[in-house]
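Structure at a glance
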Amino acid sequence: MALVNADRIKSELNTFDIGCGDDILDKMLEQCLCNRLQGHEIVLEWVAFSTTKGGLKLSLNTLEQFEHEVLNKKYKAKPAIAKREESHNRTRDINSLHDLIKAEEEEESLLDSYSTPAKGSQKRALTTPEHPQSKRSAALIASPGLLMCSASFFPSVTPSQKYSQRGGRGEVVSTFGAVQGTRWAGRKGQTNGVQLELLEGSEDSLINNYKYMFQRLRDVRNVLTEKIEELGEELRTNFNIEEFSPVSLPAQDSVIVLGQVCCDSNGKLNSQSVLLEAGPDQGGRQVPVDLSELRDYSLFPGQVVVMEGMNTSGRKFVASKLFEGVPLPFYSTPIKQEMDMDIPDVPEQLMFLVMVACGPYTPSDGLTFDPLVDLINVIARDRPDVCILLGPFVDSKHEQIEKSLVTETFDAIFSRCVGSIVEGTKGVGCRLVFVPSQRDVHHHFIYPQPPFILPDLSKDDAKRMTLVPDPCTLLIDGVTFGLTSTDILFHMGAEEISCASGSDRFSRILKHMLTQRNYYPLYPPVEEVNMDYEKFQGYGQMPLSPDVLIVPSELRFFIKDVIGCVCVNPGRLTKGQVGGTYGRLLIQRSAPSIDGKRVSPCVAGQVVKI
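Residues numbered from 1 in each chain as written. Predicted model: local features only at pLDDT ≥ 70, side-chain atom pairs only at ≥ 80, totals over all residues. Heavy atoms only, no water.

The name given to the protein in an unreviewed UniProt entry is DNA polymerase alpha subunit B, with the source organism recorded as Oncorhynchus tshawytscha. Under the Sequence similarities (unreviewed entry) heading, UniProt states for the protein: "Belongs to the DNA polymerase alpha subunit B family." According to the UniProt record, the Subcellular location (unreviewed entry) comment for the protein is "Nucleus". (UniProt positions renumbered as here; feature names shortened; annotations may be inferred.)

A few words now on the sheet that holds strand β1 (residues 172–177). With respect to topology, seven strands assemble into an open sheet ordered β1-β22-β21-β9-β10-β11-β12, the strand pairing being mixed. For this open sheet the edge positions go to β1 and β12 (465–467), each flanked by a neighbour on one side alone. Within the sheet, the average angular offset between the axes of one strand and its neighbour, ignoring direction, is 15°. Where strand β21 (residues 581–588) meets strand β22 (residues 602–609), seven bridges bridge the pair, whose relative direction is antiparallel. Paired with Arg584 across the bridge in β22 is Gln606. Helix-sheet contacts for helix α12 (residues 370–382) involve β9 (351–358), β10 (386–390) and β21, and the interaxial angle to β9 is about 175°. Its contacts with the sheet place helix α14 (residues 410–424) against β10, β11 (431–435) and β12, and it is angled at close to 160° to β11. (Pairing = 2+ DSSP bridges. Helix = DSSP H or I, 4+ residues; strand = E, 2+ residues; numbered from the N terminus. Axes fitted to C-alpha atoms, helices over the stretch in contact; angles between N-to-C directions. Contact = heavy atoms within 4.5 Å.)

Let's shift gears to the side chain of Gln606. Within the secondary structure, Gln606 sits in strand β22. Accessibility expressed as a relative area gives 6% for Gln606, which makes it buried. Of note is the side chain of Gln606, whose polar atom sits 2.7 Å from the side chain of Arg584. Apart from the residues lying within four places of it in its own chain, the contact partners of Gln606 are Val172, Ser174, Thr175, Val179, Trp184, Ile559, Tyr582, Gly583 and Arg584. (Buried < 20%, exposed > 50% of the residue type's maximum accessible area, 1.4 Å probe, protein only. Polar contact = N/O pair within 3.5 Å; in protein donor to acceptor, adjacent residues only side chain to side chain.)

Evaluated as defined, the whole model comprises 15 aromatic pairs. Summarising the aromatic geometry, the rings of Tyr447 and Tyr520 are spaced 5.7 Å apart at their centres and angled 55° between planes, so their arrangement reads as tilted. Here Tyr447, found in the loop between β11 and α15 (459–463), pairs with Tyr520, found in the loop between α17 (505–516) and α18 (533–539); they are 73 residues apart in sequence, far enough to count as distant. Comparing Tyr447 with Tyr520 shows no difference in burial state: the two are buried. (Phe/Tyr/Trp six-rings, centres within 6.5 Å; stacked < 30°, edge-to-face > 60°.)

Here we come to the nonpolar core. Of all hydrophobic cores here, the largest spans 35 residues; its most connected members are Tyr361, Leu375, Leu389, Phe393, Ile421, Phe434 and Tyr582. Counting residues per element, the ones that place at least two in this core are β9, α12, β10, α14 and β11. Residues contacting Leu389, with those up to four places away along its chain left out, are Ala357, Tyr361, Leu375, Ile421, Val433, Phe434 and Val435. In this structure, Val194, Leu196, Ile388 and Ile550 belong to the second largest nonpolar core, which totals 30 residues. (Core = buried A, V, L, I, M, F, W, Y, C linked by side-chain atoms within 4.5 Å.)

Next up on the list: helix α2 (residues 22–35). For α2, which comprises 14 residues, the first-to-last C-alpha distance of 20 Å matches the rise-based estimate of 20 Å (1.5 Å per residue) to within 8%. What α2 keeps buried is the set Ile24, Leu25, Lys27, Met28, Leu29, Gln31, Cys32 and Asn35. Of the surrounding secondary structure, the elements contacted by the buried residues of α2 are α1 (6–15), α3 (39–52) and α4 (60–74). Downstream of α2 by a residue or two, Arg36 has a phi angle that is positive, lying close to 55°. (Expected span 1.5 Å × (residues − 1).)

Let us look at unusual backbone geometry. Each neighbour pair has its own omega, and for Gly391 with Pro392 the value is 10°, a cis peptide bond. In this fold, Pro392 is placed in the loop between β10 and α13 (399–402). Backbone geometry at Asn240 places phi at a positive 55°, although glycine is not the residue there. One can find Asn240 in the loop between α10 (217–238) and β3 (251–263). Despite not being glycine, Ile563 has its phi angle at roughly 40°, a positive value. Tracing the backbone through its elements, the reader meets Ile563 in the loop between β17 (558–562) and β18 (565–569).

Let us look at the environment of Tyr447. According to the relative accessible area criterion, Tyr447 is buried, its value standing at 0%. Residues Tyr447 and Lys535, 88 residues apart in the sequence, show an inter-C-alpha distance of 8.1 Å.

Ordered in space as β3-β4-β5-β8-β7, the five strands form a closed barrel in which the pairing is mixed. Between one strand and the next, the sheet's axes are offset by a mean angle of 55°, whatever the strand orientation. Here β3 pairs with strand β4 (residues 274–277) via four bridges, running antiparallel. What sits directly across from Val261, in β4, is Leu276.

Turning our attention to the pattern of salt bridges. Counted according to the given criterion, the structure contains 25 salt bridges. Between Glu234 and Arg517 there is a salt bridge, and its shortest N-O distance comes to 3.8 Å. Of the two residues, Glu234 is situated in helix α10 and Arg517 in the loop between α17 and α18; the sequence distance between them amounts to 283 residues. Measuring nitrogen to oxygen at the nearest pair gives 2.8 Å for the salt bridge that ties Arg416 to Glu408. (Salt bridge = Lys/Arg side-chain N within 4 Å of Asp/Glu carboxyl O.)

As structure tokens, then:
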């Protein structure tokens, strides 16, 4: 505490135009020293006291009254309690926890020496070892996962009882492929490890932060127009269409039109509110669409479609046929093609295990990272070759973060979380991939979202960590993975309308993503997604159809094949106050072709309860 003096007190009093003599200054200086106050603190206390008393004048008598009514009650009554509360409330590391335990034990021993123990309460250990240790401190020292345990994050929080009492741990809730007799373990260093990189390279990928909130409506319009033209040209070539007709031009014959689906109001899209908005080359007009003659359809706002039908009046287009979208080709290289031909039976060494988990990593009733600790134990047990961790890591929707009940900065919580993951997986030999989320409170709320920045990583840790943007396409040993942490399934599921038999909603939405060829085809986006369309045009598109598409969602977990792409919703690691799920995939480096047809490189997959 800085040294307080009379000049300082006088200067503070002059701020409020309060005059005083030397005897008053001496008295106030005495009160500061006795109550451990600074000059500005006692002056503020006096001003507050004086105001409540109707503008009391400063004198020796009034100072005594002030000391009796304010200082004695406020500052002398609970100095030890305040100090103790302060020491308990601040976030501690392992060293300060040991100091706290030691201080509490000394205090208990001191109190015991002044009290008479009740009958039967005599402590059993009358002769103690040379270095006695309490059960509390012994438990802390004995725990090998102390640096990862929830107490190292927030020592004052109580572990979630519902999470600790959960059932079905390790239960497989969804499967894909040949899971019978599958060995769910990595190669454990049998080879030099997997090759992992962004498919388009660092030069054409989003690897740095960028300035946003500067886009103009004209720029957004240009991006949407280019999307309509590009997809329209692909559909025209694929279906051998000569040309597209303007949507608003009256015609007595059947015509083929190109446009983007939109809604006639701000409400939810339905079969009566569908509009087709054409690009500039087709007139740029909006025309209502009659869907009554279509047997099967699945539409959502922002979808680029080609329709065949009639528009006799120019005011309504009656659709009779809807052309399906065309996905991009899958990844293939000459080397991979040669391996496909030469290797009839893929040895186990050419397979690798990928584990996928999505946040939040804490239960909703507390900021304990117990689910994360359990996940790290699973990683240490199964030793996957690649572990993909998607945000949120510090969830903006968590109750305690929304109410500002945390005592650390969000960046500090995130750094400690990542540090625990890195330390807990040392020696496992797996590559770590970190994907940010729109719900990460410490990161940029923009889509596409730049990768995390971790400047304090050591060289060894940086080599086995890959920080990627949301969304992105990864190339892992010749197998492509599409990743996005944004809940596109939930967003599109709320907007899609369909009249289709024999298909589920998840498959339809995923097919839309693959045929629309980008990671967020919905327009306009939901309110919680802040889209930068110029960056989205460069970094939100699919360069090809991924072999595996990771789309975590609040909706039910699944693993399924959608037009040749294995799509995985691993669920979230926590669902409210209870445990959630994670996914694991067994991938073979080179998937052999059968009769010239492509075979998915994903041999087997599971969604497992944590």
